[in-house]
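# A closer look at the structure
Residue strings, one per chain:
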Amino acid sequence: MPQWLQAGGWGLLAGSALVLGAAIGFLVRVPQKLVASVMAFGAGVLLSAVAFELIGEADEQGGLLPTAVGAAVGACLYTGCNLLLARRGARHRKRSGDQQPSEQEQSGSGTAIALGALLDGVPESIVIGASLLGGGAVGVATVAAVFISNVPEGLSSAAGMRKAGRGKRYVFGLWTGIALVSALAAIAGYTVLGDAPAEVLAGITALAAGAILAMVTDTMIPEAFEDAHLLIGLIAVAGFLSAFALSAHAG
């Protein structure tokens, strides 16, 4: 199988977790504290992936300067786009409560939420595709981290969409579309970056890491601690250590 197609397959697999999470969040009445717990675990997983898979890999490839610049640019780009979308109703797109506005309350918020979901998912998928460069195997820990974290993201967001009055067609159409875009982004990560120098590849990897870190702190952690109970911190650490174990011992 061509490696660009493998990249797309892995990206689609990771993105499909959003659909799985959305199905649970939309169809099942999940207790708020359980949602917070699952989101805390997912946040811990992604924090570990950023630290050990992405930033560490970028530093090995290109050194400190491209890594630092890439991460800063990624965080700035994500934050800037997020601010624009927040003004149009996407601020609470990953919240499972009643924070999300309905289309009647804020016209255009459905489109803004869809674009926000796209903004959240693309950097992760690009990294999955880039991990196949050089003929190597896909980064198992990276794919696992994205998959595990996507389940609570889809779950929490879909629960909030249901409470905002959005229907099945919108919810499942959105997350299925994001899963397909994840596959395309992974293919782009493999094909577009195939001939890039090590420093450029390091910068792009770090850029994605910066965007993911900004996303975790801006959208996942607030949901995780919305209805915080005393075990939330321990659950986040469990997610962090689970992803670290995959990173350190995969393959």
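Every value quoted in this text rests on a predicted model; they were computed, and no experiment measured them.

The subject of this paragraph is the nonpolar core. Judged by nonpolar contacts, the single largest core of 34 residues is most densely connected at Val171, Trp175, Val216 and Met220. Counting residues per element, the ones that place at least two in this core are α1 (3–27), α2 (32–62), α3 (64–90), α4 (109–130), α5 (140–163), α6 (168–191) and α7 (198–224). Residues contacting Trp175, with those up to four places away along its chain left out, are Leu18, Val19, Ala22, Ala117, Gly154, Ser157, Ala158 and Met161.

Our focus in this paragraph is the packing of aromatic side chains. Applying the stated criterion across every chain yields a total of 3 aromatic pairs. Taking 5.8 Å as the distance between ring centres and 75° as the angle between the ring planes, the aromatic pair formed by Phe26 and Phe172 counts as edge-to-face. With Phe26 in helix α1 and Phe172 in helix α6, this residue pair connects regions lying 146 residues apart in the sequence. Under the relative-accessibility criterion, Phe26 is labelled buried at 12%. Considering the side-chain rings of Phe52 and Phe240, the 5.6 Å spacing of their centres and the 65° angle between planes classify their relative orientation as edge-to-face. Note that Phe52 is positioned in helix α2 and Phe240 in helix α8 (residues 232–249), a separation of 188 residues in sequence.

So, about the environment of Val140. Position of Val140 among the secondary structure elements: in helix α5. Measuring from C-alpha to C-alpha, the distance between Val140 and Leu246 comes to 7.6 Å, with 106 residues separating the pair along the chain.

Now for the UniProt feature "transmembrane region" (unreviewed entry) in the protein. UniProt records the feature "transmembrane region" (unreviewed entry) at residues 6–27, 34–52, 64–85, 170–190, 196–216 and 228–248, using the numbering of this structure. Secondary structure over residues 170–190 splits into 100% helix and 0% strand, and the C-alpha atoms at its two ends are 30 Å apart. Helix makes up 90% of residues 196–216 and strand 0%, whereas the separation of the span's terminal C-alpha atoms amounts to 28 Å.

Below, the discussion takes up the pattern of salt bridges. The full count for this structure, using the stated rule, is 3 salt bridges. Asp218 is the partner of Arg91 in a salt bridge, and the nearest nitrogen-oxygen pair spans 3.2 Å. You can see Arg91 sitting in the loop between α3 and α4 and its partner Asp218 sitting in helix α7, a full 127 residues away along the chain. Exposure remark for Asp218: the relative accessible area of 24% places this residue in the partly exposed category.

Along the chain, Glu124 falls in helix α4. Those residues in contact with Glu124, other than ones at most four positions away along the chain, are Leu46, Val146, Asn150, Glu153, Ile212 and Met215.

Procedures and definitions
Every chain is numbered on its own, with residues counted from 1 as its sequence reads. pLDDT decides what is reported in this predicted model: residues at 70 or higher carry local features, side-chain atom pairs at 80 or more are listed and counted, and totals for whole chains, interfaces and linings draw on all residues regardless. Only hydrogens and water are removed before side-chain values are computed, so all heavy atoms of the structure are retained for them. By nonpolar core we mean a set of buried residues, namely Ala, Val, Leu, Ile, Met, Phe, Trp, Tyr and Cys, connected to one another through side-chain atoms within 4.5 Å. In this scheme, a residue with accessible area under 20% of its type's maximum is buried, one over 50% is exposed, and one in between is partly exposed, where area comes from a 1.4 Å probe on protein chains only. Helix and strand assignments follow DSSP, with helices taken as H or I runs no shorter than four residues and strands as E runs no shorter than two, numbered in order from the N terminus. Whether two residues touch is decided by their heavy atoms; if any such pair falls within 4.5 Å, the residues are in contact. Here a Phe, Tyr or Trp ring, Trp counted by its six-membered ring, pairs with any other such ring whose centre lies within 6.5 Å, and the pair is stacked when the planes are under 30 degrees apart, edge-to-face when over 60, and tilted otherwise. UniProt positions are given in the numbering used here, feature names are shortened, and annotations may be inferred rather than shown by experiment. Salt-bridge detection follows one rule: a side-chain nitrogen of Lys or Arg within 4 Å of a carboxyl oxygen of Asp or Glu.

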